[in-house]
Amino acid sequence: MERGEIGEQLARVERWIEEYFAHPERYAVVSRVSPGEIEAMLPAVAPERGEAFDRIFGDFERIILPGITHWNHPRFFAYFATSAAPIAVIADALAATLDVKVMLWRTSPAAAELEDVVMRWLGKLIGVPEGWTGIIYDTASIGGFTALAAAREALDIGIREHGASGRDVPVLRIYATAQTHSHIEKAAIALGVGLENVVFVPCDAQFRMRPDALHRALDEDISAGKRPLAIVATIGTTSSTSIDPIAMIAEVAKRHHVWLHVDAAYAGVAAIMPEFRHIMEGVEQADSFVVNPHKWLFVPMDCSVLYVRDESILRRAFSLVPEYLSTPEQGVHNYMDYGLQLGRRFRALKLWFVLRYLGAEGIRERLRSHIALADEFASWVEAEPDWEVLAPHPFSVVCFRYRPEGMSEEEAESVNARIMERVNASGEVFISHTKLDGTYALRLAIGNLRTQRSDVEAAWRIIKEKAIG
Ligand code: PLP
């Protein structure tokens, strides 16, 4: 692409992005295409000759956009609602332009050192213990896997050298709850622990891990000769955003000398608000901690941070330096040493731009507004006799359902599933669902930069209409 051409085309894209961020609500929030529809519009093979930008961009608008579900839409209330701050989009364009691979310090000293600095900034803002090391991964699933791999290395049972098969190795156990995110089970598969060795510790009525039950499970396993690998506690579980009692769990972990991993992928950023700092109590006794700026910190996919108490264990687990990558620098982070990936995207740049552009106060203001909107939504649900809130809502997610008097549990499940389908088919609002102790629940998650009270009001109006209409 020639010099003038880059500017011309970027200007066109810039206008498009500006318009998109100004009016994401012009699109249906949930894509309405049928399976296979987008594929059918695309050629079966890549073009032999290069095509003009106009044609490519035209097809982006004509073919791709109709198949997009708009996470940036102010009425996206499903899963964990997230959104990209435009400043981070600009940062990502710069990162793609530089196209550095943040693997060795020398493959871009600024990228490695900015990651060091931004990890300390974020850690301080949310109260990660002093001296812990933060590393950016693509997702919490990978950060969680990496933490558990480090926990396995810390057991000193020779898996790095000798593997986990063909010799006498203890049965390893991971302790979680039914509310723990499923990536922990995937990590158990990938680490050779096995799904049957993920122990689901019972929860209390508010979906929080019971430390007494954890204690008992550990005692029983240890007496039976099994080896605890790690306990996974969550601040802000995926379904209901419940908060496990970290400090009490940390006591149990300490007594049994077990690695404690804290998954705060969604809710960890809430600790930036002094009134929420208490959610971090006990983390100082843990071994690892995950928080996702790409969830509730307005950083676009992907940007997840793993903090570890002792980075040397991560290096023990993952560092492997072939000759062609050996370098002499001392006292620097060669980030390839901390996980499976060699080349890594320059993700610190967009986090740096967001933290500077919004500032801690700007972030607090936005999170508080989401939490206030969720509280208000819950109060509307509670005020209606045919509706109920199904779990505490400490952050910005509300689990609720329609259940008029006399409706059986089975009927409530199918009725609420139908409500969700009809709401989402409207194209106006996108909500999701879960099950809490077997009870089908609708979920409304607020986390979008552009969501206003009027959007939440509209969601409640549409949900009620679809329940009776
Ligand atoms: N942990 C929790 C508590 C989550 O809710 C999620 C996803 O919603 C994850 C981990 C996985 O996040 P990621 O998509 O970054 O892997």
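Position labels on residues start from 1 in each chain and follow its written sequence. Owing to the predicted nature of the model, reporting of local features is limited to residues with pLDDT of at least 70; listing and counting of side-chain atom pairs is limited to 80 or more, with chain, interface and lining totals taken over all residues. To get the side-chain values, all heavy atoms of the structure are used, and hydrogens and water are removed first.

Moving on, we get to the pattern of salt bridges. By definition, a salt bridge exists where a carboxyl oxygen of Asp or Glu is found within 4 Å of a side-chain nitrogen of Lys or Arg. Scanning all chains against the criterion turns up 31 salt bridges. Between R345 and D302 there is a salt bridge; the shortest N-O distance is 3.0 Å. Remark: D302 occurs in the loop between helix 11 (293-296) and strand 7 (304-308) and R345 occurs in the loop between helix 12 (311-318) and helix 13 (348-383); sequence separation between them is 43 residues. A relative accessible area of 37% means that R345 is categorised as partly exposed. A salt bridge links R403 to E409, with the nearest nitrogen and oxygen atoms 3.4 Å apart. Here the term buried applies to any residue with accessible area under 20% of the maximum for its type, exposed to any over 50%, and partly exposed to those in between, with areas from a 1.4 Å probe on protein chains only. The class for R403 is partly exposed, based on a relative accessible area of 30%. Helix and strand assignments come from DSSP, with helices taken as H or I runs of at least 4 residues and strands as E runs of at least 2, each series counted from the N terminus.

Moving on, we come to helix 3 (residues 53-64). Taken residue by residue, helix 3 has F53, F57 and I63 as its buried positions. Considered in projection along helix 3, the buried side chains sweep an arc of 155° and stay on one side of the axis. Exposed residues lying more than 90 degrees from the buried face of helix 3 are D54, R55 and R62. In this fold, the buried residues of helix 3 make contact with helix 1 (3-22) and helix 2 (37-40). As used here, the arc is the angular range of directions from the helix axis to the C-beta atoms. Here, two residues are considered to be in contact whenever any of their heavy atoms come within 4.5 Å of each other.

Attention now goes to the sheet that holds strand 9 (residues 397-402). Strands pair, by our definition, only if DSSP identifies at least two bridges between them. On the basis of which strands lie adjacent, the open sheet formed by four strands has the order 8-9-11-10 and antiparallel pairing. Edge positions in the sheet fall to strand 8 (387-389) and strand 10 (432-436), since each of these pairs with one other strand and no more. Looking at each pair of strands side by side, their axes are set apart by 40° on average, direction ignored. Note that strand 9 and strand 11 (residues 439-445) share four bridges and pair antiparallel. Only the contacting stretch of a helix is used when fitting its axis, a line to C-alpha atoms as for every element, and angles between N-to-C directions run 0 to 180 degrees.

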